[in-house]
Amino acid sequence: MVVVTLACVIDVELRHLAAMVAIAEEGSFGRAAVRLGYTQSTVSQRIAALERSVGGPVFERPGGPKPVRLTPLGSVVLGQGRELLAKAEALAHAVDRFKAGDGRIDIGTFQSVSTVILPSVVSRLRAEHPGCDIRLFEEEPEQPRIGDLDLLFYDGRIDGDVEHLKLLDDPYLLVAGAGAFPDGPVPLERLDGAPMVAWPLTCDQPSMEQAIARSGARPQVVFRTAVNDALLSMVRAGMGSAVLPWLAITGPGVPTDDRFRVHELRPSLPAREIHLHWRAGRTHSPLAARAIEIAVEVVAELAPPPVGA
């Protein structure tokens, strides 16, 4: 009895199986050699190596014009061999697609980036790589983590073993109802006691409010929400003013009517910083590398924050 061990089967090479399939389909070593573009001796050597690996003959060789026939062992090897060759072809196709940029990318984002920057990034990626799989995750936690994300947009630096690329400075502007303040820049001291609508105290919001407080102004916060549209709607309704970063008031869908005005602040507040993060030392997929390039291009194409808005 011949015992075939796992170690022997591991010695089977795909080229051996490809030779076996060609012989089985052509009926002779000679025609298989022509089909594969090798010499007949090369094909014979590959089958001999295959038979050593599986521990027995895979073909009966009657000689003369009669076609070769599979042995019972050969039938087993051929059936499994076809499956292995198909999987190898699928693997090669998947690798080619990955290298071409048609893989999957997971991107963490937040509201302003989702509205202003990511639509262009996503549309360009999909135009260049129609088969790509893009997954977006929008969260604004106080302690963001990269986790399994390929890329993470965040307004500031994050802790941990990560690398980052600063994309832009996003200045804070005052959004107020028409007539609430004179046209032009507004001194920070004018915000003291004024009703304000604001984001919750997460991300860069605490730093921004502390900067206002250091100027001697203490606005009266009458409403907090993490939804930019809701804040702008409350400003338009006369609920109060809002101090918001430029990206929050420049995206598509932001109302532009006569019920509110955008002012610079004097002195200006420290701008929030928009960074793109990824795990330190990570080798980017072609899709992730291209996403970074496109993000930089999109930010460069944005109009600069308004001066004397």
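Attention in this report is confined to the structure presented alongside it. (Residues numbered from 1 in each chain as written. Predicted model: local features only at pLDDT ≥ 70, side-chain atom pairs only at ≥ 80, totals over all residues. Heavy atoms only, no water.)

This brings us to the packing of aromatic side chains. According to the stated counting rule, one finds one aromatic pair in the structure shown. Sitting above the plane of the Tyr38 ring, Arg46 keeps its charged end 4.3 Å from the centroid. (Phe/Tyr/Trp six-rings, centres within 6.5 Å; stacked < 30°, edge-to-face > 60°. Lys NZ or Arg CZ within 6 Å of the ring centre and 35° of its normal.)

What follows covers the sheet that holds strand S7 (residues 172–177). With antiparallel pairing, the three strands of this open sheet are ordered in space as S11-S7-S12. Two strands close off the open sheet at either side, each with one partner strand: strand S11 (242–245) and strand S12 (260–263). The mean inter-strand angle of the sheet, taken between neighbouring strand axes irrespective of direction, is 30 degrees. Across four bridges, the pairing between S7 and S12 is antiparallel. (Pairing = 2+ DSSP bridges. Helix = DSSP H or I, 4+ residues; strand = E, 2+ residues; numbered from the N terminus. Axes fitted to C-alpha atoms, helices over the stretch in contact; angles between N-to-C directions.)

Working note: a packed helix pair is described by the angle between its axes plus the distance between those axes. Interhelical geometry of helix H3 (residues 29–36) versus helix H4 (residues 40–54) gives an angle of 105 degrees and a closest axis separation of 8 Å. As summarised for this structure, H3 and H4 are arranged roughly perpendicular, according to the angle between their axes. For the pair H3 and H4, contact is made by Phe29, Gly30, Ala33 and Leu36 and by Gln40, Val43, Ser44 and Ile47, respectively. Residues that form the contact of H3 with H4 fall into these classes: five nonpolar, three polar and no charged. (Parallel < 35°, antiparallel > 145°, perpendicular 65-115°, else oblique. Contact = heavy atoms within 4.5 Å. Nonpolar A, V, L, I, M, F, W, Y, C, P; charged D, E, K, R; others polar.)

This paragraph deals with the pattern of salt bridges. One pass over the structure, following the stated rule, counts 19 salt bridges. Between Glu60 and Arg69 there is a salt bridge; the shortest N-O distance is 3.2 Å. Between Glu209 and Arg224 there is a salt bridge, with the nearest N and O atoms lying 2.8 Å from each other. Here Arg224 lies in strand S10 (residues 220–224) and Glu209 lies in helix H8 (residues 205–214), a separation of 15 residues in the sequence. Look at Arg224 and you get partly exposed, because its relative accessible area is 32%. (Salt bridge = Lys/Arg side-chain N within 4 Å of Asp/Glu carboxyl O. Buried < 20%, exposed > 50% of the residue type's maximum accessible area, 1.4 Å probe, protein only.)

The next subject is the packing of helix H7 (residues 118–128) against helix H10 (residues 286–301). Running from N to C, H7 and H10 cross one another at 130 degrees; their axes reach a closest spacing of 9 Å. As summarised for this structure, H7 and H10 are arranged oblique, according to the angle between their axes. For H7 against H10, the interelement crossing comes out right-handed. Contact residues: H7 offers Ser120, Val121, Arg124, Leu125 and Glu128, while H10 offers Leu287, Arg290, Ala291, Ile294, Ala295, Glu297, Val298 and Glu301. Across the contact of H7 with H10, the residue classes tally to seven nonpolar, one polar and five charged. (Left-handed = near helix turned anticlockwise from the far one by under 90°.)

Right, let's get into the sheet that holds strand S6 (residues 162–170). The strand order across the open sheet built from five strands is S4-S3-S5-S14-S6, with neighbouring strands paired in mixed fashion. Only two strands of the sheet have a single partner each, and these edge strands are strand S4 (133–138) and S6. Within the sheet, the average angular offset between the axes of one strand and its neighbour, ignoring direction, is 20 degrees. With eight bridges joining them, S6 and strand S14 (residues 272–279) adopt antiparallel strand pairing. Each bridged residue has a counterpart across the sheet, and for His164 the counterpart in S14 is His277. Helix-sheet contacts for H7 involve strand S3 (104–109), S4 and strand S5 (151–154), and the interaxial angle to S4 is about 165 degrees. The strands touched by H10 are S3, S5, S6 and S14; relative to S6, the strand with the most contacts, the crossing angle is about 20 degrees.

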